[in-house]
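Coordinates in review
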Amino acid sequence: MKTLNDFNFENKKALIRVDFNVPLNENFEVTDATRIVSAKPTIIKILEDGGSCILMSHLGRPKGVQDQFSLRHIVKNVEDILGVEVKFVDACIGEKAETAAAKLQPGEILLLENLRFHKEEEAGDKAFAEKLSKLGDIYVNDAFGTAHRAHASTTIVAEFFPNNKCFGYLLAQEIESINKVLKDGEKPVLAVLGGAKVSSKITIIENILDAVDHLIIGGGMAFTFIKAQGGKIGNSICEDDKQELALEILKQAKAKNVQVHIPVDVIAADAFSNDANTQVVDIDAIPDGWEGVDAGPKSRKQFHDVVMECKTILWNGPLGVFEMESFAGGTIELGNSIAEATKNGAFSLVGGGDSVAAVKQFGFENKVSYVSTGGGAMLESLEGIVLPGIAAILE
Ligand code: AMP
């Protein structure tokens, strides 16, 4: 796996695909700069080598050229975070971009305009990728958040750098973290899958059964399993057409010696609302008119014990409706358990959509080993797919 450390960037221009697709408020201020901060080590290493950086990214989903999606808006933020002046050019290909790139001196940074102002970017257009490739000497991909897309700047452009392409530190770290769980995780390995739907996690479950010793199935997903086993789930969220699949998964898990843990009790609410009436009931005996919205106390204890036993932990998906304060307890307790296990030496990876939001919201970000920066990219990796952006560097 070629990374930055395999290259000396002295007097070289690095063409770096970063993921600066950051959220902006109505005043065009960055409201969460995590992705910019995450790209910093790669950029600094190249500058310290005596190279220069040409940064390319998309921002939002523009339809053609739309000023509100210009990367110009984030120049100041990027400068503040990197502590280095950032030049900006309002083009990403063509003469203007080529001139700006050619002028760049060692130690300097140039940010290109939004790649998605050109429809060729998402189409993975080869001629567009070739134009991008003219800007730099070495291609660096550090954008995990878009590595699952075969776009011009994330995948196709790599073809034009057959011997001069590598992963940035962030992308390398994402790959290593996934491998630590799926390939060479210290045993026992645990995956905690929660969230709303079985259907969105099914391929992940099937893929990770070969890698894990324990599987916790929590959140709304659990009810499909309980109903399939004949339990009464009241009004709880359920995918009726996935019941057979749920039983099949349990069978596969047994055949592969994976211990599956499903909540035994739940907090049931009489409405999907933060101030609903609640009661703790067995998960397979939820009264009519009530729905399970969070893990119950016995389940939390059960999950805590499993977490504390494991040396490698993957967490994807909340254990309850964590957006409502009254139903966030199970997710918070799980986060605390994972933090404690991490402190005791376990490796913990949090990834994919809502679990990252939960981890940030409850302040666990620095208490787990790694929080993935990619939602969809992380989910696809866990499904066992070699992402096109990663394959393009490995080829
Ligand atoms: P996902 O995107 O599949 O990880 O699902 C995350 C969503 O699952 C969050 O918005 C949670 O509110 C929701 N969720 C978790 N547990 C439950 C539950 N018991 N009932 C309904 N929704 C749930």
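Residues numbered from 1 in each chain as written. Predicted model: local features only at pLDDT ≥ 70, side-chain atom pairs only at ≥ 80, totals over all residues. Heavy atoms only, no water.

**Comments concerning the environment of Phe225**
On the secondary structure map, Phe225 appears in helix H8 (residues 222–228). Sequence spacing of Phe225 and Lys197 is 28 residues, and the spatial spacing of their C-alpha atoms is 11 Å. Sequence-distant contacts of Phe225, that is, excluding residues within four places in its chain, are made with Val198, Ile217, Ala246, Ile249, Leu250 and Ile262. (Helix = DSSP H or I, 4+ residues; strand = E, 2+ residues; numbered from the N terminus. Contact = heavy atoms within 4.5 Å.)

**Considering the side chain of Ser348**
By secondary structure assignment, the location of Ser348 is in strand E16 (residues 347–350). Overall, the relative accessible area of 1% leaves Ser348 in the buried class. Ignoring any residue separated from it by four or fewer positions in sequence, one finds Ser348 in contact with Ile313, Ile338, Thr342, Val368, Ser369 and Tyr370. (Buried < 20%, exposed > 50% of the residue type's maximum accessible area, 1.4 Å probe, protein only.)

**Considering the domain arrangement of the protein chain**
Considered domain by domain, the protein chain is made up of domain 1 (4–167) and domain 2 (176–382). Listed by partner, the interface residues are seven residues for domain 1 and ten residues for domain 2. Taking both partners together, domain 1 and domain 2 bury about 630 Å²; carbon and sulfur atoms supply 59% of that area. Summed over the three residues of domain 1 that lose the most area to domain 2, namely Thr34, Phe144 and His148, the buried surface amounts to 71% of that side. Counting across the domain 1 and domain 2 interface gives one salt bridge. A salt bridge links Lys360 to Asp32; the nearest nitrogen and oxygen atoms lie 3.3 Å apart. Linking domain 1 with domain 2 are two residue pairs in polar contact (both at pLDDT 80 or more), by the criterion used here. Considered class by class, the residues forming the side of domain 1 that touches domain 2 number one nonpolar, four polar and two charged. (Domains from an automatic or database assignment. Buried area = accessible area lost by both parts, 1.4 Å probe. Salt bridge = Lys/Arg side-chain N within 4 Å of Asp/Glu carboxyl O. Polar contact = N/O pair within 3.5 Å; in protein donor to acceptor, adjacent residues only side chain to side chain. Nonpolar A, V, L, I, M, F, W, Y, C, P; charged D, E, K, R; others polar.)

**Remarks on the sheet that holds strand E10 (residues 259–261)**
Judged by pairing direction, the sheet is parallel, and its six strands sit side by side in the order E10-E8-E7-E15-E16-E17 without closing on themselves. Two strands close off the open sheet at either side, each with one partner strand: E10 and strand E17 (370–371). In the sheet, strand E8 (residues 214–217) pairs with E10 via three bridges, with the strands oriented parallel. Among the inter-strand pairings, Leu215 is bridged to a residue of E10, identified as Val260. Contacting strand E7 (189–193), strand E15 (312–316), E16 and E17, helix H6 (residues 169–182) runs over the sheet at an angle of about 115 degrees to E16. Contacting E7, E15 and E16, helix H11 (residues 329–343) runs over the sheet at an angle of about 155 degrees to E15. (Pairing = 2+ DSSP bridges. Axes fitted to C-alpha atoms, helices over the stretch in contact; angles between N-to-C directions.)

**Remarks on unusual backbone geometry**
Residue Pro188 is reached from Lys187 by a cis peptide bond, and omega for that bond is -5 degrees. Position of Pro188 among the secondary structure elements: in the loop between H6 and E7. Within the chain, Phe28 stands out as a residue other than glycine whose phi angle is a positive 60 degrees. Of note, Phe28 is situated in the loop between strand E1 (13–17) and helix H1 (34–49). The exposure class assigned to Phe28 is partly exposed, which follows from its relative accessible area of 32%. Positive phi values are uncommon outside glycine, yet Asn257 reaches one of about 65 degrees. Here Asn257 shows up in the loop between helix H9 (243–255) and E10. On the accessibility criterion, Asn257 (66% relative accessible area) is exposed.

**Some details on the pattern of salt bridges**
Evaluated as defined, the whole model comprises 19 salt bridges. Note that Lys76 is salt-bridged to Asp80, the shortest N-O span being 2.9 Å. Residue Lys76 and its partner Asp80 are located together in helix H2 (residues 75–82), separated by four residues, close to a single helical turn. Look at Asp80 and you get exposed, because its relative accessible area is 53%. The closest approach of N and O atoms between Glu333 and Arg300, which form a salt bridge, is 3.2 Å. Of this pair, Glu333 sits in helix H11 while Arg300 sits in helix H10 (residues 297–309); the two residues are 33 residues apart in sequence, bridging distant segments of the chain. Judged by its relative accessible area of 15%, Arg300 falls in the buried class.

**Things to note about the sheet that holds strand E2 (residues 52–56)**
Pairing between sheet strands relies on hydrogen bonds along the backbone, with the strands arranged either parallel or antiparallel. In space, the six strands of this open sheet follow the order E3-E4-E2-E1-E5-E6, with parallel pairing throughout. The sheet terminates laterally at strand E3 (86–89) and strand E6 (165–167), the two strands that pair on one side only. In this sheet, neighbouring strand axes are inclined to one another by 25 degrees on average, regardless of whether the strands run parallel or antiparallel. Relative to E6, strand E5 (residues 138–141) runs parallel, the two sharing three bridges. Each residue of the ladder has a partner; that of Tyr139, found in E6, is Lys165. The strands touched by H2 are E3 and strand E4 (109–112); relative to E3, the strand with the most contacts, the crossing angle is about 155 degrees. Taken strand by strand, helix H3 (residues 94–103) contacts E1, E2, E3 and E4, and its axis lies near 160 degrees from that of E3.

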